[in-house]
Amino acid sequence: KGLLTVTDADRIELSNLTRQFLFREHNVGQPKSRAASGMAQVMNPGMKVKALEMFVGPKTEDEFNDDFWMGLDGICNALDNMEARFYVDDQCVKYQKPLLESGTMGPAGNVDPIVPMKTQTYRDGGQADEGGGIPMCTLRNFPHLPDHCIEWSRDQFELLFVKSGKQAKKFAEDPDTFINDRESSTDDAQAIFEVRGLLSLLRTAATPSVQSAGQMAFDYFHLLFRDKIQDLINAFPEDSRVIDPDTKQDKGSFWSGHKRFPKAAAFDPANPTHWQYQVSTTALFAQMLGALPLKKENDDNFVKDWRNQKWCAEQIKSLKVPEYIAGAVNTEGDRAGGAAGGKTDSKDTLRALLRQLEEFKGKPLPALEEADFEKDDDYNFHIEFITRCANLRADNYHISNSDFQKVKLVAGRIVPAIATTTAAVCGLVMLELFKVVLGKPVEAFRTRQVGLAVNTYTSFEAEPPKKYASGIEKKVPKAEDLPADAFDEAGKIKPEFVISEPYAAYPENHSVWDKLEVPTPTMTLGGFKDWLANEHKIKLKSWGFVLGWKSTEDENGKEQRTPFSTQIYPPPLVLDPELFPPLTDGQGDAMKKLMGNPKVPQPAKMQYLNAWKQAKEKGVMPSTGGEAVKLDMSLKDVLLLMEKKADAAVQDGTMNPKWGKAITGLADRKVWVVPADQTPSCNTIPADDSDPVDVRYMASIQIPLV
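Residues numbered from 1 in each chain as written. Predicted model: local features only at pLDDT ≥ 70, side-chain atom pairs only at ≥ 80, totals over all residues. Heavy atoms only, no water.

Quick word on the overall build of the protein chain
Stage number 1. Along the protein chain, the regular secondary structure elements total 18 helices and 18 strands.
Stage number 2. In terms of principal-axis extent, the alpha carbons of the protein chain reach across some 85 × 80 × 70 Å.
Stage number 3. Every one of the 706 residues in the protein chain was classed for burial, and the buried ones make up 43%.
Stage number 4. Pairs at least 24 apart in sequence give 69% of the contacts found in the protein chain among residues at least 6 apart. (Helix = DSSP H or I, 4+ residues; strand = E, 2+ residues; numbered from the N terminus. Buried < 20%, exposed > 50% of the residue type's maximum accessible area, 1.4 Å probe, protein only. Contact = heavy atoms within 4.5 Å.)

Points about the environment of Phe445
Stage number 1. Mapped onto the fold, Phe445 is located in the loop between helix H14 (419–438) and strand S8 (446–451).
Stage number 2. A residue is classified by how much of its surface remains accessible, and Phe445, at 1% relative accessible area, is buried.
Stage number 3. Residues Phe445 and Gly665 lie 220 residues apart in sequence; the distance between their C-alpha atoms is 36 Å.
Stage number 4. If sequence neighbours within four positions are ignored, Phe445 has contacts with Pro113, Val115, Glu432, Lys435, Val436, Lys440, Phe460, Glu461 and Ala462.

Notes on the packing of helix H5 (residues 146–173) against helix H13 (residues 404–411)
Stage number 1. Close contact between H5 and H13 brings their axes to 10 Å; oriented N to C, the two are set at 65 degrees. The angle between H5 and H13 places the two elements in the roughly perpendicular class. The handedness of the crossing between H5 and H13 is right-handed. Facing H5, whose interface residues are Pro146, Asp147, Ile150, Glu151 and Arg154, H13 presents Lys406, Val407, Val410 and Ala411.
Stage number 2. Split by residue class, the contact of H5 with H13 holds five nonpolar, no polar and four charged. (Axes fitted to C-alpha atoms, helices over the stretch in contact; angles between N-to-C directions. Parallel < 35°, antiparallel > 145°, perpendicular 65-115°, else oblique. Left-handed = near helix turned anticlockwise from the far one by under 90°. Nonpolar A, V, L, I, M, F, W, Y, C, P; charged D, E, K, R; others polar.)

Structural notes on the packing of aromatic side chains
Stage number 1. Applying the stated criterion to the full structure yields 32 aromatic pairs.
Stage number 2. Between Tyr503 and Tyr697, the ring centres sit 5.9 Å apart and the planes meet at 85 degrees, which makes this aromatic pair edge-to-face. Within this pair, whereas Tyr503 is found in strand S11 (residues 499–506), its partner Tyr697 is found in strand S17 (residues 695–698), the two being separated by 194 residues in sequence.
Stage number 3. For Tyr503, a relative accessible area of 19% corresponds to the buried category.
Stage number 4. Residue classification places Tyr697 among the partly exposed residues on the basis of a relative accessible area of 29%.
Stage number 5. One residue, Arg182, lies across the ring of Phe178, its end atom 4.0 Å from the ring centre.
Stage number 6. Here Arg393 stacks its cationic end above the ring of Trp152, 4.2 Å away from the centre of that ring. (Phe/Tyr/Trp six-rings, centres within 6.5 Å; stacked < 30°, edge-to-face > 60°. Lys NZ or Arg CZ within 6 Å of the ring centre and 35° of its normal.)

Description of helix H7 (residues 188–206)
Stage number 1. Here H7 contains 19 residues, and its C-alpha end-to-end distance of 27 Å stays within 8% of the 27 Å for a straight helix at 1.5 Å per residue.
Stage number 2. Of all 19 residues that make up H7, 16 are buried, and the element is covered over most of its length. (Expected span 1.5 Å × (residues − 1).)

What to know about the nonpolar core
Stage number 1. Within the largest apolar cluster, 79 residues are counted, with the highest numbers of intra-cluster contacts made by Tyr220, Phe225, Phe285, Leu357 and Phe385.
Stage number 2. If we ignore the near neighbours within four places in the chain, the residues touching Tyr220 are Leu160, Ser164, Phe193, Gly197, Phe225, Tyr277 and Phe285.
Stage number 3. Judged by nonpolar contacts, the second largest core, of 38 residues, contains Phe528, Leu532, Leu547 and Ala646. (Core = buried A, V, L, I, M, F, W, Y, C linked by side-chain atoms within 4.5 Å.)

Observations concerning the sheet that holds strand S10 (residues 471–475)
Stage number 1. Strand order in this open sheet of three strands is S10-S11-S17, and the pairing throughout is mixed. The sheet is open, and its two borders are formed by S10 and S17, each paired with just one other strand. For this sheet, the mean inter-axis angle between neighbouring strands, taken without regard to orientation, is 30 degrees.
Stage number 2. Sheet topology note: the S10/S11 ladder contains five bridges and is antiparallel. Looking at S11, one finds that Glu473 is bridged to Glu501. (Pairing = 2+ DSSP bridges.)

Some thoughts on the pairing of strand S2 (residues 48–52)
Stage number 1. In the sheet, strand S1 (residues 3–7) pairs with S2 via five bridges, with the strands oriented parallel. Across the sheet, Val6 pairs through a bridge with Ala51, a residue of S2.
Stage number 2. Remark: the S1/helix H1 (residues 32–43)/S2 crossover connection has right-handed handedness. (Right-handed = clockwise from strand over helix to strand, strands pointing away.)

Side note on the sheet that holds strand S15 (residues 671–674)
Stage number 1. With respect to topology, three strands assemble into an open sheet ordered S12-S18-S15, the strand pairing being mixed. The sheet is open, and its two edges are formed by strand S12 (515–517) and S15, each paired on a single side. The mean inter-strand angle of the sheet, taken between neighbouring strand axes irrespective of direction, is 25 degrees.
Stage number 2. In this structure, S15 lies alongside strand S18 (residues 700–704), joined through four bridges in antiparallel fashion. Note on S18: the bridge partner recorded for Val673 is Gln702.

A closer look at the packing of H5 against helix H6 (residues 175–183)
Stage number 1. It is at 5 Å that the axes of H5 and H6 come closest, and there the two elements cross at 120 degrees. Comparing the axis directions of H5 and H6 gives the class oblique. Within the contact between the two elements, H5 uses Gln167, Lys170, Phe171, Ala172 and Glu173 and H6 uses Pro175, Phe178, Ile179 and Arg182.
Stage number 2. Split by residue class, the contact of H5 with H6 holds five nonpolar, one polar and three charged.

Some thoughts on the side chain of Ser402
Stage number 1. Counting through the fold element by element, Ser402 comes out in the loop between helix H12 (382–396) and H13.
Stage number 2. We classify Ser402 as buried; its relative accessible area is 7%.
Stage number 3. What Ser402 contacts, discounting residues up to four positions off in sequence, is Pro146, Ile150, Thr387, Asn391 and Val407.

Here's the deal with the pattern of salt bridges
Stage number 1. Tallying each qualifying case throughout the model produces 32 salt bridges.
Stage number 2. Of the charged contacts, one joins Arg85 and Glu101 as a salt bridge, the two residues approaching to 2.7 Å between their closest N and O atoms. One end of the pair, Arg85, is in helix H3 (residues 82–95); the other, Glu101, is in strand S4 (residues 99–105), with 16 residues separating them in the sequence. Each member of the pair Arg85 and Glu101 is classed as buried.
Stage number 3. Each of Arg11, Arg34 and Glu53 takes part in salt bridges that share partners, so that together they form one network. (Salt bridge = Lys/Arg side-chain N within 4 Å of Asp/Glu carboxyl O.)

Here it is, written out as structure tokens:
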């Protein structure tokens, strides 16, 4: 009783002293959680504090498990990113715990009290807007501010240490499709860049080592800061003019206004920006290739002997300067771009590079470890790489350089904290804490917003939970799909042509705080189906269980998280290889044998035939398929099987380990909660002769494990 658990994986920096009240100069370098706990106990020796040095998230659920969350009376957040806030919010919903969420942004601050069953959750309140971005044409070709270079370099981090590995895997899985896609690309500049980078990675992956990682870093130096700049100079020489395409009028010099005529770089091992780029990029590529162990948390001596000019100069001696290959320039989005002055045979260049790719078809690719950007570790080379990359870019365009701390703020999207704001927000959080402890009604809680710079202080009642209710969705068809008599005299679509689709919520008017609680861990899947029908009057139609997430790309090439699921209900059919016709049969004979075999269930005959055809193409009879979900399995055993399948999907690369598994650690859990957005597909069982209605909104389902 009376225990306060404090966790923070960061260590105290000198800059923290200006915006924190518990740290002193002698605390610099110490863990934040331990220093803060120690100071609090000096103020109040009777205070019980447990200090941990851990992030709170899916990867630490072995420590922050069911027992931990169930043993808490409440949670107070002091986080700096949306992902962590949403995770803690989800845990508070799952375990029915009050949450005091707060944050500061310079002179502005907010406090959001979140109380089970009484208020909306943090996620329901909406996501913070990170603001607008920099135009792509400015980032791509015409930066004129240090921040442009930093944003561009942050993109290069993702490109080199995340996306390049994905490109290599795509090529290894289906080289012909990869090559055809690049050859048919309308953006030659991007395709040439991607293929050159991929060729460098494939050569390096053939013999992964620190030295080959260094060559890859060296290749990218010349590709990014020499070749792409030279391409721009070739396309738009210094004396280029802007000619109006319609009037042919000369509108002045191309390199004017914010456009700065660039200068291609030549590697200089004595230049601090150059050798620090080479060191940081080599370290990151070496970790990606497995030639260097991944940096461990709080290891401030990680490859310490590399971090000097002498190490780089020695490495450079054996590296080969790559030949300049003329590429192309993409000026899409630049309305004043004009026509390119110089011409390059970019398609011929691309085809020549793709022919080189052909040599790597069928060659094995080692496991590639994607970098997971972490701004708060000054020794992992992430901010270091972005800093050196940004300054190399700045030197190309005669822009002033940025120091490590500025890059950390911009690339990490950190808004400096102000001690006065922190103090005000902490005081307001404590007021809400008293209300939680006293069990005050929802009307007593206040959501607060303060703006010290503009002298505004607002407070309003906390919003009640968002409720989900049944309703009718009106779908208006496209006008061109309707007959002439579907419109009234005013030209509007008549009501009888508007499609009405009813939908249900179960339970009616439920919120995210509500759960359907399965009564016992021994309930079978079949029993669960009957329980839904008998107790809740809803029919189980299908259930695709989300195992985790795989990485896909949207139409703009941006990585996105896509759920990966497997079928639970109806239980998937398990094919018996003993019932397959011989692979030497023709398709007609195989079909006759399957249709005439009484052991093959009638509804499954075509599935057997399709599986037999696939087996015949491969020349191998399929296996039994391992464990399978059955109606007489307990829900606990079904979940354990799903955990095994999730582990296997990560092992074989189907799911991205960066996103984590959706089900894990069942052995140490007391309950498992199926989130509302992952619940089974059901429809209502009407009490009268009315039609069943699809359940669109269903409360989460809590399954006991003990």
